[in-house]
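# Coordinates in review
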Amino acid sequence: MAVGLRLALLLAVVGIAAGQFFVNLGDKTKTPGSDVGSATQGQVPAAQGAGDGDVAAQADPNVKLQEDWQAFVKWFRSNGGIISSKLNIKVRNGRQGVYFKERMRRGETIVSFPRNLRLDEKTAMKGKAGHIFQRLKQEKTYPDLMVILHIVHERSLGKDSFWFPYIKLLRANYNNIMFLTEPQMKTLLRRPGCENTYNLGVMMRRTFNNFYNWYKEKIEPWAPPEFQFTRDDIMWGFNTLVTCGWGNQSGDGDKMMVPFSDIPNHRRESAQKASNRGFISAAKEYQAGEELTFDYGLLNDAVLAYFGQPTPDCRGLKR
C-alpha cells in the first residue's frame, strides 16, 4: 500500500512519459507570490515586497522580478552552475517567462546544472533540520513527503535558508484541480471527455490526504516548534513538488527539485527538451526577444487540466 501512495506511481497511472513529475505547466499569469485565482484575467498583479512608496515597483511587476532573478543567477553561479547572460526573466502580456536578451547561436550553452543544487532527501539530511529528517527516514516516511517537508521547512526559514534565492522564484499560491469543491468535481465528472481529469483529481486528493494524515499522526506529535506546519503549508509543498519536481524513469527515489529546470514555460514540440541533468545547449538559433520554452514531454488532457489549462473537452474546468 505504501508504494501505491507514492506520487511517482500516480504518474505512471496517468501515463506521463520521461522521468519528470508533473511539469511546470502552472498558469503563469502572475508574479511569484501572487494568486492566479485572484488575478485579473490576462494581467499580472503588482509585485509583492515593494515598499509603499515605491510606485514603480508596484506598477511594474518586472521590477521586483528582475531583482529576484539577479539574486537567483548570482546564487546559482556561485554554487557551480552556469546560466547564460543572454537570458532574462520577465512578464510579457501578463505571462511570466524566460526570454533572450540577444541572439544566441545554436550549440551555445543555455544552462549547466551543478550536482550539488538538487533539493532532495540528501540535502534535507545535510540541512539545519538534518536530525529530524534522519528520524523520518528511520521511521520509513514516504520519500515524497520528506521532500515536501524539506521544501516547506526551507521556505519557513526565509533569508536564513540556503535555498532562499530559488524559493523566491517559486509560486506562493496555486489554483488548480486540488481546490475544486465537491460540487465542482461532480460537475467535472458529468462533463463529456473529462473522466480522466476527474480521476486524476480524486487520486491527487487521496495522495495528499495520506501524506497530511501521516504528518499529523506520526510527525507533528514529536516535532519541534520549527517543524510544526499547517495543512496549507503542506498543501503548498505538495503542489510545488508535483508541479516542479523530478524523479527517475522507474519512479523510485530521486525525488528532487532542480533550480532553473522548472522555470521556462512548457510548449509542445519546442526545440528545447526539458532536462535536469548535465547541461542544455541551444537546439536552434534564438533571436533577441524570443522566449525560451521547454517541451516537458507528451502530456494528456487530464494533466493539462490539473494545472488549470483549458482543454478541448474540459474548457470549463478553469475557474
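Data block above holds the structure.
Everything quoted here is computed from the prediction, not taken from an experiment.

Taken in spatial order, the 3 strands line up as E1-E4-E8 in an open sheet, and their pairing is antiparallel. The strands lining the two open edges of the sheet, one partner per strand, are strand E1 (82-83) and strand E8 (279-281). Bridge count for E1 against strand E4 (residues 109-112) is 2 bridges, and the pairing is antiparallel. Note on E4: the bridge partner recorded for Ile 82 is Ser 112.

The interhelical angle for the contact between helix H6 (residues 143-157) and helix H10 (residues 231-244), taken along N-to-C directions, is 115°, at an axis separation of 9 Å. Classed by the angle they form, the pair H6 and H10 counts as roughly perpendicular. The two elements H6 and H10 cross, and the hand of that crossing is right-handed. The residues of H10 that touch H6, namely those facing Asp 144, Val 147, Ile 148, Leu 149, Ile 151, Val 152 and Arg 155, are Asp 233, Ile 234, Trp 236, Gly 237, Phe 238, Thr 240 and Leu 241. Partitioning the contact of H6 with H10 into residue classes produces 9 nonpolar, 2 polar and 3 charged.

A few words now on the pairing of strand E2 (residues 87-92). By the bridge criterion, 6 bridges tie E2 to strand E3 (residues 95-100) in an arrangement that is antiparallel. Paired with Lys 90 across the two strands is Gly 97, which belongs to E3. Between the antiparallel neighbours E2 and E3 lie 2 residues, among them Asn 93 with a positive phi of about 55°.

With mixed pairing, 4 strands are arranged side by side in an open sheet as E2-E3-E9-E7. Each edge of the sheet is formed by a strand with only one pairing partner; in this case those strands are E2 and strand E7 (265-266). Relative to strand E9 (residues 291-294), E3 runs antiparallel, the two sharing 2 bridges. The residue bridging Val 98 from the neighbouring strand is Leu 292, located in E9. Docked against the sheet, helix H3 (residues 61-78) engages E2 and E3, running at close to 155° with respect to E2.

Rules used in this analysis
Residues numbered from 1 in each chain as written. Predicted model: local features only at pLDDT ≥ 70, side-chain atom pairs only at ≥ 80, totals over all residues. Heavy atoms only, no water. Pairing = 2+ DSSP bridges. Helix = DSSP H or I, 4+ residues; strand = E, 2+ residues; numbered from the N terminus. Axes fitted to C-alpha atoms, helices over the stretch in contact; angles between N-to-C directions. Parallel < 35°, antiparallel > 145°, perpendicular 65-115°, else oblique. Left-handed = near helix turned anticlockwise from the far one by under 90°. Contact = heavy atoms within 4.5 Å. Nonpolar A, V, L, I, M, F, W, Y, C, P; charged D, E, K, R; others polar.

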